[in-house]
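Understanding the architecture of this molecule
One-letter residues, chain by chain:
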Amino acid sequence: MKTKEIQELYQIKLHSMDTILHQISLMDQVENEQELSEIIHSLLQAIGNYTGADRVYVFDWETDQKDSLSNAFEWCADGVAPEIDNLQAIPVSSMPNWVKRFENKEVIVIHDLEATKNSEPEEYELLKTQEICSLIAVPIYANHQMNGFIGVDNPDLRQNEISITLLSDVGGHLGCVRENLKSTVLLKKALDEATKRSEIIAAIATLYVTIVQANVKERTYELLKGHDLVQKILRQKGKIDDVMERLPTAFAAQEERKKYREFLDFDTLTERLRNTNFVSIEFMGVNGEWRLARFIVKSRDAHGNAVDVLYVVRDITEEKSRELMYQKQLKESMEDAHRANLSKTAFLRRMSHDIRTPLNGIVGMIHIAEKYNNDVVKLRECRKKVLQSADYLQNLINNVLDISKLESGSLVLEHKSFDLAELLRNNLTVVAMSAYENGVRFEGGVEASTIRHRYLIGSPVHLSRVLMNLSSNAIKYNHFHGTVNVHCEELSDDGNIAVFQFVCSDTGLGMSEEFQKHAFDAFAQEGKQSTTTFSGSGLGLSIVKDIVERMGGTIELESEENVGSTFTVTVPFEIDYLAENNDSQKDSYSQDRDLSGKRVLLVEDNVINMEIAHAILEEEHLNITEAKNGKEAFEIFQNSRLDEYDVIIMDVMMPVMDGLEATKAIRMLEREDAKKIPIIAMTANAFEEDRKACLEAGMNEHIGKPIDIPQLKRAITKLLTKRGSKRKNIIIH
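Computed from a predicted structure; not experimentally measured. (Residues numbered from 1 in each chain as written. Predicted model: local features only at pLDDT ≥ 70, side-chain atom pairs only at ≥ 80, totals over all residues. Heavy atoms only, no water.)

Description of the sheet that holds strand β4 (residues 108-110)
We apply this condition: Think of it this way: DSSP has to see at least two bridges between two strands before they count as a pair. Numbering of helices and strands starts at the N terminus; helices are DSSP runs of H or I of at least 4 residues and strands are runs of E of at least 2. Throughout, a contact is declared for two residues whenever any of their heavy atoms are within 4.5 Å. Between N-to-C directions, angles cover 0 to 180 degrees, with each direction set by a line fitted to C-alpha atoms, over the stretch in contact for helices.
One open sheet accounts for six strands, arranged β3-β2-β1-β6-β5-β4; its pairing is antiparallel. Edge strands, defined here as strands with exactly one partner in the open sheet, are β3 (90-91) and β4. In terms of strand pairing, strand β5 (residues 135-142) meets strand β6 (residues 145-153) through eight bridges, oriented antiparallel. Its bridge partner being in β6, I140 is matched across the sheet by G148. Running at roughly 50 degrees to β5, helix α3 (residues 96-103) makes contact with β1 (55-61), β2 (68-76), β4, β5 and β6 of the sheet.

Spelled out as structure tokens, the structure:
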């Protein structure tokens, strides 16, 4: 998302939040259900705009027996069909799990409705007809009783914590306001029914800690209910002016007394009640408790001036504490979201710089090479720098894609057999070369590691990513002639699971104590100069931590400025006894095997990629047949002689027919070699789910772009050796 779009979205959310807070403040001033309904409708619309939801709604108990719930209020986004008429008198038996969780004051968050099909079948059946994929629902409580719930359908779940806090705050306030409105209506009605005055007041009085009846014109009062201190000060009856100065000091906290004194002022009360039936105020008591005080008009004179009023006080300490906590959490969540947006904006600026830097290096080196066309040494130097820039650019793109998949929860770990010793040897050979090129000494390696079980089951590609990220940082932020040490130790095993500890230490720049607190945050950078050309995106350690935790492991950091850093990664892996037992029978193939004369069907729609792959294969003296899409490749193979091709190398994303469809079509041909010919995917789709899709389609190997030449040669040699065939043709997709 661009910076401008982020700012516009942030402004929309701020406007929606202002509307929500304004509507909440208006609730305390309503005098009847009609006014409250209008405010609720505006409030639900603002919540919908803020959360990005399709629907926002409030459900109430249908009856006093609390055996069914009805949709009382609803707002729908444009294009979303209303459901309020279909959701009346829903029996509790249709949502038993929800009601039980609401009574336990639980918040319900559903990320994927299908995931609740077995755990909450009744609710699933109720929701699936409403085109609901996800939702958040929060119970509404008042006077310690669950009165219903407020919820949103298909909201933006990336900010679900903020949405939960918002709905809890609104629901709590709404419950209190509606309860207060009911209490006020009941109290006024009780006063009008003089014959039932004592009985009704006694019942309603349970809601209030203090009830006083007063005459505004005569400035007299009568205490109907009050605790010991109230009774001591007011007695049973008296003159208002005799006690007015004592009340703020006795009942209000120091900072609340001026406001409370102005509220009690009988000189202004008539005017304040001229166009309304009640006025109210919230204030903090002397002991930190919260009170809601209210003057309610009982009778008026011929000119409409209030004559008899009730002064009532209710204890709202629990509701107010919850409201203040929610407001604090909401403010902190908004600030966190704002900081995250600022971090991402800063990241995008750095990313623009970091992408352009290697691109500039690549373009610049090509221009320099053109000027030194006959200088072999200069051309070799330019080629080396182009490859360095391209390698950095590829790592940068991989990191950005990784963090995106981690945030969305779609990163898929492998579960496959691998040789830990071989993985370490391959990775650390690259690390040692990189260290040498940057003037850093490399120590450790497989020889310095303790490995009792080398054949394991896990996600080798992600373990490699962790080790390479940590190692490259250790080289990047090191001193010239500094040291990097990477080694592994098998800590324990229980017969099925072996626990390994991977340690990467350096004698480099180290980190400050303050930065260590945020070292694993996404986009975090301390700003120190690296010893290499590129400074990085600030994503590496965040990705490492997420991957390690997804693998069931932990990562620890020890660092001191100008001394160095040590990262310790502890990860469990399954032991692959089958691979250990078959070690002596493992395929033994040489990378130096002569591939001359083998026939390859090369399938690639991009002209440049075709030229590159053709040149790579031609160096191995392979006979190459080209196809520009999957359909052409299928037809070439279909019309070929039996065993004419030894291997097929296939791109995946192509026009007319893609590589997956072409592979399936070839495998379905009624000829013996169609089932056995090795097919290698060579594609820019480099994620684990892409690799799985290729294998499921019938391919044998998956090679990512940019093409790793040694990896491609190993794959071809391995597949030919496994096939144990003397056939001459190879097909590459």
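Moving on from the model shown.
Things to note about helix α20 (residues 630-638)
For the record, the criterion: Note on exposure labels: buried denotes an accessible area under 20% of the residue type's maximum, exposed denotes more than 50%, and partly exposed covers the range between, all computed with a 1.4 Å probe on protein chains only. The arc in question is traced by the directions running from the helix axis to the C-beta atoms.
Those residues of α20 that sit buried are G630, A633, F634 and F637. What you see down the axis of α20 is that its buried residues fit within an arc of 100 degrees, all on one side.

Overview of the nonpolar core
Heads up, the condition is: Definition used in this section: a nonpolar core is a set of buried Ala, Val, Leu, Ile, Met, Phe, Trp, Tyr and Cys residues joined via side-chain atoms within 4.5 Å.
By size, the foremost hydrophobic cluster in this structure holds 40 residues, and its most contacted members are L420, L463, L470, F502 and F573. Counting only elements with at least two residues in this core, the list comes to α14 (420-437), α15 (460-476), β16 (483-493), β17 (497-506), α17 (540-550), β18 (554-560) and β19 (564-575). Residues within four places of F502 in sequence aside, it is in contact with L420, L424, L463, L467, H487, C488, F567, T568, V569 and F573.

Some words on the sheet that holds strand β10 (residues 278-284)
Pairing is antiparallel across the open sheet formed by six strands, whose spatial order is β9-β8-β7-β12-β11-β10. Each edge of the sheet is formed by a strand with only one pairing partner; in this case those strands are β9 (237-239) and β10. Ignoring strand direction, the axes of neighbouring strands in this sheet form an average angle of 20 degrees. Inspection of the sheet shows strand β8 (residues 220-225) paired to β9 by three bridges, in the antiparallel sense. Paired with Y221 across the two strands is G238, which belongs to β9. Against the sheet, helix α10 (residues 257-264) contacts β10, β11 (290-300) and β12 (306-315), and its axis sits at roughly 160 degrees relative to β10.

Considering the pattern of salt bridges
Going by this rule: Criterion for a salt bridge: a side-chain nitrogen of Lys or Arg within 4 Å of a carboxyl oxygen of Asp or Glu.
Inspection of the entire model under this criterion finds 34 salt bridges. Its salt-bridge partner being R178, residue D60 comes within 2.7 Å of it at the nearest N-O pair. Taken together, the residues D60 in strand β1 and R178 in helix α5 (residues 160-192) connect sequence positions 118 residues apart. For the pair formed by D60 and R178, the shared burial category is buried. Residue E106 is joined to R101 by a salt bridge in which the shortest nitrogen-to-oxygen separation is 3.1 Å. Under the relative-accessibility criterion, R101 is labelled partly exposed at 24%. One continuous salt-bridge network, built from bridges that share partners, spans R55, E74 and D153.

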